[in-house]
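Here is what each chain is made of, one letter per residue.
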Protein chains: 2
Amino acid sequence: MNMDYEALHRQRAKELVGKMTLAEKLAQMRYEAPAIERLGIPAYNWWNECLHGVARSGCATVFPQAIGMAASFDPALLETVAGAISEEARAKYNAYREFGDTQIYQGLTMWSPNINIFRDPRWGRGHETYGEDPYLTGHMGAAFVKGLQGYDEQYRKVDATLKHYAVHSGPESERHEFDARVDEKDLYETYLWAFRYCIEHAHPSAVMGAYNRINGEAACASPTYLKKILYQEFGFEGYVVSDCGAICDINEHHKLTQTPAESAALAVNNGCQLNCGDAYKWLKTAVAMGLLDEETVTAAVEKLFTARFRLGMFDEDCPYNRISLDVVECEEHKQLNRKMARESIVLLKNDGILPLKKGCKIAVIGPNADDKSVLLANYNGTPSEYCTILRGIQEYNGGNVRYAYGCHVAGKIIGAWDEHPEREAVIAARNADVVVLCMGLQPCLEGEEGEVNNGSYSGDKKDLELPLPQQILYKEIMKLNKPVVFVNVSGSCVNLWEQDQQCNAVLQCFYPGAEGGRALAEILFGAYSPSGRLPVTFYRSADDLPDFRDYSMENRTYKFFKGPVVYPFGHGLTYADIQERWIDEKTAEVINRGGMDTDYTILRFEYIPHKNLCGFQRVHIRTGETIRVEF
Amino acid sequence: MNMDYEALHRQRAKELVGKMTLAEKLAQMRYEAPAIERLGIPAYNWWNECLHGVARSGCATVFPQAIGMAASFDPALLETVAGAISEEARAKYNAYREFGDTQIYQGLTMWSPNINIFRDPRWGRGHETYGEDPYLTGHMGAAFVKGLQGYDEQYRKVDATLKHYAVHSGPESERHEFDARVDEKDLYETYLWAFRYCIEHAHPSAVMGAYNRINGEAACASPTYLKKILYQEFGFEGYVVSDCGAICDINEHHKLTQTPAESAALAVNNGCQLNCGDAYKWLKTAVAMGLLDEETVTAAVEKLFTARFRLGMFDEDCPYNRISLDVVECEEHKQLNRKMARESIVLLKNDGILPLKKGCKIAVIGPNADDKSVLLANYNGTPSEYCTILRGIQEYNGGNVRYAYGCHVAGKIIGAWDEHPEREAVIAARNADVVVLCMGLQPCLEGEEGEVNNGSYSGDKKDLELPLPQQILYKEIMKLNKPVVFVNVSGSCVNLWEQDQQCNAVLQCFYPGAEGGRALAEILFGAYSPSGRLPVTFYRSADDLPDFRDYSMENRTYKFFKGPVVYPFGHGLTYADIQERWIDEKTAEVINRGGMDTDYTILRFEYIPHKNLCGFQRVHIRTGETIRVEF
């Protein structure tokens, strides 16, 4: 952003807000901001989403879920992806605004990315994040913000919003009343690090306040964590929006105030200018009661209108106005999507069975093989064309593929009169040269409170095991002594101990987006060498971990966990024989001793005294080549 | 069937049954027949389904739903389809029996076809039938039975079961206690005609007794309708199986008996040899109480084992044992499926907009455009590859297709924070040369009691209207004055009055199977001329019809309905300019005066005194050609 333009946006906002009555100003602080016709301001709904593609707004390129994109360890590619996303968002906004106003999921203010730390694998929303490491999260988050917000000197392409500030990662069932207790070290080193990094390096327009309390203060209305740390310490200059309904939680669930008017005043006074939910309907009362002065209101609304001017909402000559719907799901974005999907897949084990020979007899088995929902994850758009894992393998192998659903993904008891799918799976496996088992979780088993139907866990997982019907089918298939490639599709760690011991190859696929099936097929058959790395630890059991409610980092993540794991953070194989040689602390040599050309990401760790990621670089390295990498 | 072989099967059955104890015999009369190891008889579950492809048994070629196949008016093709289905069923059976027994949906005894008369469009299961006309139903049913049962002299390929005998067509919510009252004329002319025709012309192995009563007698245990009419009058020689749980209904819901033992005895004594459900667990009691004698039991079990011998279940050299899994979803079946799907689509109106020009800008809009469930209908298998309507159009048009979901298929209220899909649809339509609106119903809105979640209607429809969200979207789209092709996807009549008035073209697609999208695209773009005809009347309103519970045919179906309709039974256009000229009562000339080559079905009606289908022939007729058709 050029500072002259920035000053101009501020000036225009100041002038426009200056013409508003108090009531008009207060109404503009709600996410459903009404029109002010006499001032030429159209109605604008601030809520939009684009975690891994424009979401909840019809067709869009659906990229891999955030956790999968994190596995690429490729911020440069993520920035390009974010650029494609904001291109599609702009195209849609341009079409929607012709209706004269902008409804929910139609605007330019994106409540993405989610840069919370995936500190516990049970958290249902962990797959929205970039994993358990603050350094990786910060770098991926910053890249995403930059790509979204664009590079124009005068206008922001879309607003990025860092969420959820802060110390937010379940339990989902308690999020409206939960108090996350955290010490200074964990706060800065783990929970705030990526927020600070993104703010300093990518200048996001906005931050979203979380539902929970932090050490007793409501995250959306906190003198310490908002006013002092976010604004003063981190120098954040944007606006803060509350999570949806979070302000009313302050009186209703956190019981920190008596009334929504008090909650609203507390939030605004501490720097939360925009409210998703209904609480700011009470701002008028708050002002009347003397809990909030008009000056603070005016400053808040000026911030919001500065953002809207910066987005070019009131300028017909904003260059982004020319982006047409042709960009939505265009071929270029599809190719980009497939590239990201390829990079998001992690090869965990390979005894040499991979890559598969094209044309061999393959049994593709499991509830995730032909499932659309696992491509899409949550906070997703709708792909008008998509490729499941099964379809990807079918297209690639050109026949000779037998599919069997095998079992339900979880729980549901099979009644006496229901279909019994196990035997078909056994038959398919018996008749195949190789079995590709597609198991794991689905977004219906891990997600957000209210969105996921898994009983009392409200979106969180109770353990790290494969759901029972899959365990049973897995055992049946393994009895056949066929070569097995295990594809784990999930947004979080699943206990793959047995699979690591027993299967010929194990891949982690996350939720791979609309091109996921094709990308996986390309890797299975060796058109590309896998190159992803785990952005989270794959533990053996939730029993090895501290209480889910305990926000101390003690014995959590690769940094502090003391027990044995199945696959460590950063694990990921390729099809090449790679040797990594550290020459000094800041210089490494990577040697590809054969196999095939591949991408490879060098991770640099420091020990302070715990292990700590402090650098990573992705290189493309050909067979026989040696590459020197400097940090 | 060669009569010598038939005698041999009977003889072998007699001998085998002769070695059984009474308890063993009684157990064989349950659908879950246990093994009798000392006699070398494996456990066998009699329940299998193949209404439009092997169902509930994993992957299979999923043909169009029965109502769609009826629209083809092509019994010869249906017979070929049934042959493909039984081929897949045999292949699966051969694989399953290696497990040593045969579980539910793995056997050779198919509880298909459903030849009930679709007398009222509100019936949720109507789409399982061949429509409202007994003559068409009889001919399609017979063709299906023949194709299923095969042409071997010695062995039956699979057993076909005519269901539900008889006078069965809703309401679903009352089926377990309903008494269908019907007079002699309607009984023979409408409700029994197709059963008799199929029995005489196709010799089905089995008949399934319905849940309901008929004029006070339980269909599964009726002296009049089973013993007297089915066996004696129609000369049926096969076995009768009860619908699932229907025997217990006799005491529990129909209150015709006091105990399940009495119900079971009543059923067996009237010719129901096989029980799906638990009632025949009480047969031992029934015999002990003197309600049933062992001779009757022995005869019943001999019938059942005759069927099993006839199926070759005890012969290693049965030629059908050699059918391998390679036939399941093979290319030949896929092509056959697409051909049937093409013939099942009915062009209801065309002002000349169809066929579409390839490459034009198309907006494909609506909740049925990219929905898998509408391809599959109910009693379905799982296609390992399928093509939705959207995908069919995308593949065919090669780009230039914009998709918008548009609205939910029915009911669900859109919450303030949910996705709002309407505007995207309007945008897509605005930017297109032509709009293809894919609306109608889904199997979740019409189906069987217990399977469908539509509140108190238990699978039936409360009216014939498009669900409200679709009506609203339809109006929005029509306001744009774009050319609109309306594709109604449903298993039953929907009121298309407005569409007929306002849209440029209207097609009825039924539930078109795994190849449905490709077949529809081929028709939309003119690779094939449509040739289907409606097997049911398309009424304007359910208010024009008698009470749903009233089984009198008065004012029902094209034969007796007196009011105006939107599209009559038999309606269906082609892309050719066809003239039909009747030379005498039994001879017609069909002239193709131009346009394109097409299939065309000539319908022959008699007036006795009501209009009555009494013949139909499908011909392929080239441009300029005249074909003489003799009946």
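Rules and cut-offs
Residues numbered from 1 in each chain as written. Chains lettered and ligands numbered in written order. Predicted model: local features only at pLDDT ≥ 70, side-chain atom pairs only at ≥ 80, totals over all residues. Heavy atoms only, no water. Contact = heavy atoms within 4.5 Å. Buried area = accessible area lost by both parts, 1.4 Å probe. Salt bridge = Lys/Arg side-chain N within 4 Å of Asp/Glu carboxyl O. Helix = DSSP H or I, 4+ residues; strand = E, 2+ residues; numbered from the N terminus. Nonpolar A, V, L, I, M, F, W, Y, C, P; charged D, E, K, R; others polar. Buried < 20%, exposed > 50% of the residue type's maximum accessible area, 1.4 Å probe, protein only. Least-squares fit on C-alpha atoms with pLDDT ≥ 70 in both. Pairing = 2+ DSSP bridges. Axes fitted to C-alpha atoms, helices over the stretch in contact; angles between N-to-C directions.

Participant: What is the right way to look at the interface of chain A and chain B in this model?
Facilitator: You'll often see interface size given as the accessible area lost when the parts meet. Taken residue by residue, the interface counts 49 residues in chain A and 49 residues in chain B. Here chain A meets chain B over a buried area of about 3,900 Å², counting both sides, of which 48% is carbon and sulfur. At the boundary of chain A and chain B, one finds ten salt bridges. With a closest N to O distance of 3.6 Å, Lys-92 of chain B and Glu-424 of chain A form a salt bridge. Listed by contribution, the elements that provide at least two residues to the side of chain A that touches chain B are α4 (75–96), α15 (389–397), β11 (401–404) and α16 (422–430) of chain A. By residue number, the principal contributor to the side of chain A that touches chain B is α16 of chain A, which donates five residues. Here the residues of the side of chain A that touches chain B sort into 20 nonpolar, twelve polar and 17 charged.

Participant: Looking at this model, I keep getting lost on unusual backbone geometry. Mind explaining?
Facilitator: Keep in mind that most residues, glycine aside, have a negative phi and that most peptide bonds are trans. Residue and element names in this part refer to chain A. Note the cis peptide between Tyr-165 and Ala-166, where omega equals 5°. Structurally, the position occupied by Ala-166 is in the loop between β3 (161–165) and β4 (179–180). The omega torsion of the bond from Leu-354 to Pro-355 falls at -5°, within 30 degrees of zero and hence cis. Tracing the chain through its elements places Pro-355 in the loop between β9 (346–350) and β10 (362–365). Of note, the phi angle at Glu-329 is positive, near 55°, even though the residue is not glycine. With respect to the secondary-structure elements, Glu-329 resides in the loop between α12 (294–310) and α13 (331–344).

Participant: Would you explain the environment of Val-364 of chain A in this entry?
Facilitator: Residue and element names in this part refer to chain A. Relative to the helices and strands, Val-364 resides in strand β10. In this structure Val-364 comes out as buried when scored by relative accessible area, which is 0%. As for Val-364 and Ala-432, which are separated by 68 residues in sequence, their C-alpha atoms are 9.3 Å apart.

Participant: Before we go on, may I ask you to explain the relation of the copies chain A and chain B in this structure?
Facilitator: Think of it as a corkscrew move, a rotation about one axis and a shift along it, taking one chain copy to the other. Overlay of chain A on chain B (RMSD 0.0 Å): rotation 180°, translation along the axis 0.0 Å. Given the turn and translation reported, the copies of this chain are related as if by a two-fold rotation axis. The position closest to the rotation axis in chain A is occupied by the C-alpha of Lys-372 of chain A, lying 5.3 Å away. In this assembly the copies share their binding face: 100% of the residues contributing to the interface of chain A also contribute to that of chain B.

Participant: Please explain the pairing of strand β8 (residues 239–242) of chain B as it appears in this structure.
Facilitator: Look at any regular strand and the pattern is simple: side chains alternate between the two faces of the sheet. Residues and elements named next belong to chain B. Neither face of β8 is exposed, since Tyr-239 and Val-241 on one face and Val-240 and Ser-242 on the opposite face are all buried. Two strands pair when backbone bridges link them, and strand β5 (residues 206–209) and β8 are joined in this way by four bridges, in the parallel orientation. What sits directly across from Met-208, in β8, is Val-241.

Participant: Before we go on, may I ask you to explain the sheet that holds strand β19 (residues 626–630) of chain B in this structure?
Facilitator: Each strand in a sheet pairs with its neighbour through backbone hydrogen bonds, running either in the same direction (parallel) or in the opposite one (antiparallel). Residues and elements named next belong to chain B. With antiparallel pairing, three strands are arranged side by side in an open sheet as β15-β16-β19. Strand pairing shows two members of the sheet lacking a second neighbour, β15 (578–584) and β19, which therefore form its edges. Adjacent strand axes in the sheet meet at a mean angle of 20° when their direction is disregarded. Relative to β19, strand β16 (residues 587–592) runs antiparallel, the two being bridged by five bridges. Bridge assignment links Val-590 to a residue of β19, and that residue is Ile-627.

By themselves, these are just geometric observations and shouldn't be taken as functional.
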